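A closer look at the structure
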Amino acid sequence: MAEYYTFRVRIANRNRVVAEKLDLKGGVEEEVGKFRYDMYGTDIEALSEKGRQGELSAAEVKKLGELLFQVLFDDVVRTRFKDLYEKAVHTEKKVLRLELEIDERELAAVAAWPWEFLRLPSHLNEGTMWLGTTPNIVFSRYRVGRKPDSIILAEGEKLRIALVVAAPSDLGSVEYEKVKFVLDKLMEAEGGTIEFLPVVLSATPKKIDDILRQEPHIFHFIGHGQAKDEGKIALVDDLFGGAMWYGAERFSELFNRHRPGVVMLQACEGGQLDASKAFVGVASRIVQQQIPVVVAMQYEVSNSTAARFAVNFYEHLAQGQPVDKAAQEGRRAIALGPKGYDSIDFGTPVLFMRVDNGQLFRFEQDNKEQWDNGQSGGNGEPMVVSDVEELVPIRFAERFQLKGGIPGGIMRLLRGVLMKYPAFESNHSLRQVFDDSRIKMWQASLPEGRNVGERVDGVISFLHNRENSVGANGLMLFLDILVERVPVGDGLYQEFEGLAAALAAEVGEKNVGGQRGGDGGGINKTALVEELARNFSDEDFRDLCFDLGIEYADIPGAGRRAKMRGLVMQMGYDKKLELLVRKCREMKPRGGWDDFG
């Protein structure tokens, strides 16, 4: 499977972007650039509207793509992107992920721009490249929030696809036959891995509920839409056959019956001009329903074009490819078709993704191999499990008592973890967390925020100096409640573990010296850190971490001694101090390890 570097661009506001370079080991470099909305925004808005009207010429499609690039990439960010592209693609023969993060609630107009048309400007004289279709780049719209685990297909289990068609009698017919034809051909070719559920025609809410009971992995909807409010979709009234308009929130609620891995929304050919815009709005809402991947057509396309995308997209998924790579190949298939880059078709499919590494579907054999080589962590990397007695729950309130301010390094790590937690996506969902009796006394006073960042900062500021009746810190209690809702082994759970280790290293535990039991028989952690410092050079210590299956960069602290202290605290919390001492004795047999058992 291909390895990926990642270049993530977050549009912070109408003046600033934040770019992150992520290497293969998870290392991050950050760069701040200018979002040049004032220079290019008006022209992009005008061309985007012409696209919605189906009036863009080939020259205007090219111009739109270049303007989108220029508004997003100033000279500094473009240089960083180009350097990473050269390193990833040409030097190391890897693939580069380009992820765009926009808060649709704060920057709705910018989020609605057709970013899939991004094109390297001609005046740079660096060749022709459409970023949404080029094979060595994978473009997607990144969504903050808890990342779901991969869907494991059992041995012999096929990828189930549901095709759902809604054609109310008062809105005209919906042509779906071409899509069904190519999907049938795909099943013939990939019959061992794909299964099509019975096509749902005249889709009423009840019929949709029934097909979701069959737990499709992919839900492909074709129908009419209206760009009112966040967008509306027409289902069929089961009594009279006419249109029953479902708003974005109401349509999203249908997926409480079952959450498919992928939802694809396709406006019917010949429908209202704003139908595709409506589907993109609904898609954005569906992502909030914890659907891992949502694909929508941002402009009206022919059924032939939609079918060309779908067959390539599903084929790559059935082969185990990451979903963002599958979408990139689907857009490229359109570009290689009759219309090429002369029309808007190739950039029409929009991918909203909240899956780490894009790896949504895994087959049981792949999963077995992964476990044979070490238990899989939430980031798709093997997690060493030898010599681990058991996974123990994280207990922030029992271990930590904040006094005064929060250290800067801890604050950055804390914000990063909370920004990914789904409860912060709305004031309502955040307030629901405070229904827990341990922190309910603070619910009425909880500050509200306009976006995820404001809510995260508000909660931290509000809770970090508060205590309950028995002296437990309010912020630590809040973290306990959050982590209890995350499955052990989930990627977000591991980030909470990292936060706990960082707190132990920087702040210290209430009962350092260890009365937790099972962490190494009361080993003196301070003395162990000193012994490590006497016996291990920086290079030797890195080798020790490697042997333990721990990433040196992931250990909290700056400098050799701080890293050693962080490792000891982390191993103590994980009940693996005896393993640490054993490894130290193997590597440095002349050290004073006998004092530690």
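What comes next concerns the included structure. (Residues numbered from 1 in each chain as written. Predicted model: local features only at pLDDT ≥ 70, side-chain atom pairs only at ≥ 80, totals over all residues. Heavy atoms only, no water.)

**Thoughts on the overall build of the protein**
Quick reminder of the rule: Strands are runs of DSSP state E lasting at least 2 residues, helices are runs of H or I lasting at least 4, and numbering of each runs from the N terminus. Partly exposed residues are those whose accessible area sits between 20% and 50% of the maximum for their type, while under 20% is buried and over 50% is exposed, using a 1.4 Å probe and protein chains only. The contact criterion used is simple: two residues touch if any of their non-hydrogen atoms lie within 4.5 Å. Under the convention used here, a 1.4 Å probe and the Shrake-Rupley method define accessible areas, while residue burial counts only the protein chains that appear.
When helices and strands are tallied, the protein shows 21 helices and 18 strands. Per-residue burial over the protein gives 55% buried out of 597 residues. Across the protein, contacts joining residues at least 24 apart in sequence account for 71% of those joining residues at least 6 apart. Carbon and sulfur atoms form 46% of the exposed surface of the protein, whose accessible area is close to 25,700 Å².

**Some details on a negative patch on the surface**
Rules: Distance thresholds for patches are 9 Å for like charges and 5 Å for nonpolar side chains (Val, Leu, Ile, Met, Phe, Trp, Tyr), applied to residues having over 30% relative accessible area and no salt bridge. Whenever Lys or Arg places a side-chain nitrogen within 4 Å of a carboxyl oxygen from Asp or Glu, that contact is recorded as a salt bridge. Note that His is not counted, nor are the chain ends; the positive residues are Lys and Arg, and the negative ones are Asp and Glu. The location of each charge is read from NZ of Lys, CZ of Arg, CG of Asp or CD of Glu.
Negative charge collects at one region of the surface, where Glu-539, Asp-543, Asp-547 and Glu-586 lie side by side. Residue placement: Asp-543 occurs in helix H19 (residues 538–548).

**Quick notes on the packing of H19 against helix H21 (residues 577–587)**
Note the threshold: Lines fitted to C-alpha atoms define the axes here, with helix axes fitted over just the stretch in contact, and angles between the N-to-C directions of these axes take values from 0 to 180 degrees. Should an angle fall under 35 degrees it is called roughly parallel, over 145 degrees roughly antiparallel, and 65 to 115 degrees roughly perpendicular, with every other angle called oblique. Crossings are classed by handedness, with left-handed meaning an anticlockwise turn of the near helix from the far one by less than a right angle and right-handed meaning a clockwise turn. Polar here means any residue outside two lists: the nonpolar Ala, Val, Leu, Ile, Met, Phe, Trp, Tyr, Cys and Pro, and the charged Asp, Glu, Lys and Arg; Gly therefore counts as polar.
At a minimum axis distance of 11 Å, the contact between H19 and H21 shows a crossing angle of 130°. Judged by the inter-axis angle, H19 sits oblique to H21. Regarding H19 and H21, the two cross each other, and that crossing is right-handed. Contact with H19, carried on its side by Asp-540, Asp-543, Leu-544, Asp-547 and Leu-548, involves Leu-579, Leu-580, Lys-583, Cys-584 and Met-587 of H21 and no other residues of that element. The residue makeup of the contact of H19 with H21, split by class, is six nonpolar, no polar and four charged.

**Regarding empty space enclosed by the protein**
Selection criterion: The distinction between a cavity and a pocket rests on a 1 Å grid over the protein atoms alone: a 1.4 Å probe fits inside a cavity but cannot get out, while a pocket stays open yet meets protein on both sides within 12 Å along at least five of seven lines, and a residue with an atom within 4 Å of a point counts as lining. Grid points are joined across faces, edges and corners, and a volume is the space filled by probe spheres set on the points.
In total, this model carries two cavities of 30 Å³ or more according to the counting rule given. Taken as a whole, the largest cavity encloses approximately 50 Å³ of empty space. Lining the largest cavity are Leu-100, Glu-101, Ile-102, Glu-104, Ala-111, Arg-141, Tyr-142, Arg-143 and Phe-352. Those elements that place two or more of their residues in the lining of the largest cavity are strand S4 (95–101) and strand S5 (137–142).

**Let's talk about the nonpolar core**
Test applied: By convention a nonpolar core is built from buried Ala, Val, Leu, Ile, Met, Phe, Trp, Tyr and Cys residues, the set being connected through side-chain atoms within 4.5 Å.
Membership of the largest hydrophobic core comes to 84 residues, with the highest contact counts inside it found for Leu-72 and Trp-115. For this core, the leading source of residues is helix H9 (residues 303–318), giving eight residues. Once residues within four sequence positions are removed from consideration, Leu-72 is found in contact with Val-9, Ile-11, Val-17, Lys-34, Phe-35, Leu-100, Trp-115 and Leu-118. Counting residues in each nonpolar core, the second largest holds 42 residues, with Tyr-421, Val-433, Ile-439 and Trp-442 among its members.

**Description of the sheet that holds strand S14 (residues 293–297)**
How we decide: Each pair of strands is called paired provided DSSP finds at least two bridges between the two strands.
Across the sheet, which stays open at both edges, the 11 strands sit in the order S3-S2-S1-S4-S5-S15-S14-S13-S9-S7-S8 with mixed pairing between neighbours. Across the chains shown, the open sheet's two edge strands, defined by having one partner strand only, are strand S3 (28–34) and strand S8 (194–196). With direction set aside, neighbouring strand axes in the sheet form an average angle of 25°. As paired strands, strand S1 (residues 4–11) and strand S2 (residues 16–22) are joined by six bridges and run antiparallel to one another. When the sheet's bridge partners are listed, Thr-6 is paired in S2 with Leu-22. Across the sheet, helix H3 (residues 75–91) is in contact with S1, S2, S3, S4 and S5; its angle to S1 comes to roughly 165°.

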